[in-house]
Amino acid sequence: VVTEDRFAYHKINGRNVNLLVPVGYNHEVESPEVILEGHIDETKFATILVDLKRSFKNASSFKKDTPVVIKLHSFGGKSHSGRGIFDTIKNLSKKYERPVQIEAFGPVMSAAALIIQAANIGGRKMSENSWMLIHPTQAAYSRDAVNANKYNATMDELLMQQYADMVAKRVKMSGKESTKEDIYKIMTANNNVGTYMTADEALNLGL
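Remember, predicted model here, so these are calculated numbers, not experimental data.

Participant: Got a sec to walk through the pairing of strand β4 (residues 68-74)? Specific residues and values, please.
Facilitator: In terms of burial, β4 is a largely internal element, 5 of the 7 residues being buried. Strand direction decides the pairing type here: strand β3 (residues 33-37) and β4, joined by 5 bridges, are parallel. Looking at the pairing, I35 lines up with K71 of β4. Assessed by its sense of winding, the connection that carries the chain from β3 through helix α1 (residues 42-58) to β4 is right-handed. With helix α2 (residues 79-96) bridging β4 and the parallel strand β5 (residues 100-109), this β-α-β connection has right-handed handedness.

Participant: Can you lay out the nonpolar core for me, pointing to particular residues and giving the numbers?
Facilitator: Core analysis: the largest hydrophobic core is formed by 41 residues, its most contacted members being I89, I102 and M132. In terms of residue count, the dominant contributor to this core is helix α4 (residues 145-173) (7 residues). Sequence-distant contacts of I102, defined by excluding residues within four places in its chain, comprise I70, L72, I89, I115, I116, A118, A119, G123, R124 and K125.

Participant: Could you give an account of helix α5 (residues 180-192), with specific residues and numbers?
Facilitator: Spacing of three or four residues puts side chains on the same side of an α-helix, whose turn is 3.6 residues. The largest bend in α5 amounts to roughly 35 degrees and is located at I186. Buried residues of α5: I183, I186 and M187, and no others. Two residues or fewer after α5 comes G194, characterised by a positive phi angle close to 105 degrees.

Participant: Let's hear about the layout of surface pockets: which residues, and what values?
Facilitator: Considering only enclosed or pocket space, the largest pocket measures out at about 280 Å³ in volume. Around the largest pocket, the lining is made up of 16 residues, and of these R124, K125, A199, L203 and L207 lie nearest the centre. Contributions of two or more residues to the lining of the largest pocket are made by β6 (124-126) and α6 (199-204). Ranked by residues supplied to the lining of the largest pocket, first place goes to α6 with 4 residues. Across the lining of the largest pocket, the residue classes tally to 6 nonpolar, 4 polar and 6 charged. Computed from the structure, the second largest pocket encloses a volume of approximately 180 Å³. Considering the residues around the second largest pocket, the lining is formed by 13 residues, among which G77, S79, S110, T137 and Q138 are closest to the centre. In the lining of the second largest pocket, the residues fall into 5 nonpolar, 6 polar and 2 charged.

Participant: Talk me through the pattern of salt bridges; I want residue IDs and the actual numbers.
Facilitator: A complete count under the given rule lists 6 salt bridges for this structure. Measuring nitrogen to oxygen at the nearest pair gives 3.2 Å for the salt bridge that ties E42 to K78. With E42 in helix α1 and K78 in the loop between β4 and α2, the pair connects residues that are 36 residues apart, well separated along the chain. The class of K78 is partly exposed, set by a relative accessible area of 33%. A salt bridge links K169 to D165, with the shortest nitrogen-to-oxygen separation between them at 3.3 Å. With K169 and D165 both in helix α4 and 4 residues apart, this pair spans about one turn of that helix. Residue class for D165 comes out partly exposed when judged on its relative accessible area of 27%. Three or more residues joined by partner-sharing salt bridges are found here, namely E33, K71 and E103.

The rules behind these values
- Residues numbered from 1 in each chain as written.
- Predicted model: local features only at pLDDT ≥ 70, side-chain atom pairs only at ≥ 80, totals over all residues.
- Heavy atoms only, no water.
- Buried < 20%, exposed > 50% of the residue type's maximum accessible area, 1.4 Å probe, protein only.
- Helix = DSSP H or I, 4+ residues; strand = E, 2+ residues; numbered from the N terminus.
- Pairing = 2+ DSSP bridges.
- Right-handed = clockwise from strand over helix to strand, strands pointing away.
- Core = buried A, V, L, I, M, F, W, Y, C linked by side-chain atoms within 4.5 Å.
- Contact = heavy atoms within 4.5 Å.
- Bend = angle between axes of the 7 residues up to and from the residue.
- 1 Å grid on protein atoms, 1.4 Å probe; cavity = no way out; pocket = protein on both sides within 12 Å on 5 of 7 lines; lining within 4 Å.
- Points joined across faces, edges and corners; volume = space filled by probe spheres on them.
- Nonpolar A, V, L, I, M, F, W, Y, C, P; charged D, E, K, R; others polar.
- Salt bridge = Lys/Arg side-chain N within 4 Å of Asp/Glu carboxyl O.

Below, the structure written as structure tokens:
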């Protein structure tokens, strides 16, 4: 195998082909992709922020209606990090006028169930054997012992109301009749465990 750089690529039928890899394995990338996998926290937010910015910027080489595709696989994590990723996706989509498609595989739970709502109409996808969990959110911020319980209870309720409102607005966009109160009930069902659902059940609920 020749390894000199000048032999690495050769133009065939108008496109570059890597001659150091069997031609049968060559394929053209159909859309810019980002992998969002694992626990969602501050570190994940920082790394995915870089990946998202790069992908949206590089998407300029694709057709205007080609979406940025986010592959999602997550049991969730910290509520504020999930909201940060949600807002980042929405803001970059608006800035670059680029649609977003989020494809979920396996768990789409907690903060991840919010993140998938950042996709465009028709752009939220769950694999056949994936599942979703929507449950109560928690602030997870520490405060002095005297005020901790009062603060956390107030903050948790604020975040839950906000989460329910964000999801309800997205569900309404999909043509389903669902209110903020409906989503709140789904979140707090089963003695505050929340609601697990299959991909089909999530689809029927407009999620």
